[in-house]
Structures are given as C-alpha cells and as structure tokens.
Amino acid sequence: MNDSLSMSVADLKRVFVIVVDGIEEDHGEVLCIEGGFYWSISIDEFFKIYEYIDNPIPLARRRLGDSLDELRRGHRGGVDDLIRRLTALAGVLQVMGLRISPGSDVHSDSSRECEPLWISIGELSSIFAQSMDRVQEIFGDRIDLDVDYFWAVPFDCIFETDERPAELTIGQVSESLEWLQNLRDDVSRVLPYYLVWIADVLRAVGHAAGGYGPER
C-alpha cells in the first residue's frame, strides 16, 4: 500500500485533538457557526473523477443543522450507518473549518435563511472519538485508503446553493493526509482549516469502509 494513502487511527485521533484544542483556545468551548445550506457530494460519487469528466456530477444541498442532527442520533450499527455518520461529520467539519479560518472570504447564500448553530467542542470530540472507535473495529490500527483524487466544490461557491457551481475542482486525499501528518510532527502552526483536510480523509475512510461487511 502506498504510504501516502495510509494513516494510523491513533494519528488521525491525535491530529483531530490538536486542531480542536487550538480552536477551543482561540474561540471557546462552544462555537456559534453560521448555519444554512451547503453543497455536498455523496461518497459514492465523490471519487468518480473519470466517470464525470464530461458529465455533471450529482450535487445535493445539505443543511448544517441536518448534518448535526444525524450525528446526534447516535450509532445505529452496521457499515452503512458508519458511512452516513462519516459523511455527516465530514460536512460539519468542512463547514466549521471554512467559517472560522482566519481571512476566510466564504459567504452564505443570502437568499436562504441561515440560522446560527451552537456547536460544542466537547460534543464534537465525543462524536469523532466514537466514529474512530468504529473505524478501528473495521480497519484495525491503520487505515489504508483505496482512493486519492476527488471532486470538490470551490470554496467561494460551497454555500451558494441556489445556483449550481459552473465548475468543480479536483483535490487529492494524499495531499490532505500530508498536511495532517505534518501537523502530527510539528504543532507550531494549527489552523481551523485543518478541519477541511480531516473532512477529506473521513470521506475517503467512508469510501473504503464500503468494501467491508455484508451490507455493501
């Protein structure tokens, strides 16, 4: 397995703790995040780079509050449930990372009601830890990912959900992992944007989990 597409569960947990501890130090234990809608790409479509080169990739409008509700319902068991939770968690972390990153110029779709939501760092950490425990049950101590390139909505369009983005961009899980592994080794510069890279990895973990268990 390519080391650039592999990370231990312990390292992923450690990086998450580093990031949320830094956010808590700068913003407090409870964050008020601007809610509303954001564009989302399902895990099934997220990594189909070549299939959608000449065809529009399906996009869905997700509401941050719905993603939070999905996480707060708790585990229902099974691989499919884990994939749904990882998708919802990735969405929440991505929105948080974009909203509170210094100098962020992303803005909300003003034509839709955007109700601020209160998110507890403690609650989010508990949800993440529970999800990682389930991931560890499936993968063991190390996660070997089976995808790299993925579709991404440009950040200046992600909250403008009344109009489909004219173009999507392409990211790499290996690059996101490299950023996280660098933070693991050097914690001198912790930014909220690391939540976006964690979200990329969680979607890749969800995709890999699809190959496990009798449900898939």
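That block above? That's the structure.
Residues numbered from 1 in each chain as written. Predicted model: local features only at pLDDT ≥ 70, side-chain atom pairs only at ≥ 80, totals over all residues. Heavy atoms only, no water.

### So, the packing of helix α6 (residues 173–185) against helix α7 (residues 194–209)
In a packed pair of helices, the relevant descriptors are the angle between the two axes and the axis-to-axis distance.
Next up, step 1: Remark: α6 packs on α7, axes separated minimally by 9 Å, with the N-to-C direction vectors making an angle of 125°. Taken as axis vectors, α6 and α7 run oblique relative to one another. Considering how the two elements wind past one another, α6 and α7 form a crossing that is left-handed. Facing V173, S176, L177, W179, L180 and L183 of α6, the residues of α7 in contact are Y194, W197, I198, D200, V201 and A204.
Next up, step 2: Split by residue class, the contact of α6 with α7 holds 10 nonpolar, 1 polar and 1 charged. (Axes fitted to C-alpha atoms, helices over the stretch in contact; angles between N-to-C directions. Helix = DSSP H or I, 4+ residues; strand = E, 2+ residues; numbered from the N terminus. Parallel < 35°, antiparallel > 145°, perpendicular 65-115°, else oblique. Left-handed = near helix turned anticlockwise from the far one by under 90°. Contact = heavy atoms within 4.5 Å. Nonpolar A, V, L, I, M, F, W, Y, C, P; charged D, E, K, R; others polar.)

### Looking at the packing of helix α3 (residues 64–72) against helix α4 (residues 79–100)
Next up, step 1: At a closest axis distance of 9 Å, the pairing of α3 and α4 adopts a crossing angle of 135°. Accordingly, the angle class assigned to the pair α3 and α4 is oblique. In this structure, α3 meets α4 at a crossing whose hand is left-handed. Packed against α3, whose contacting residues are L64, S67, L68, E70 and L71, the element α4 presents R84, R85, A88, L89, V92 and V95 at the interface.
Next up, step 2: Looking at the contact of α3 with α4 residue by residue, the class counts come to 7 nonpolar, 1 polar and 3 charged.

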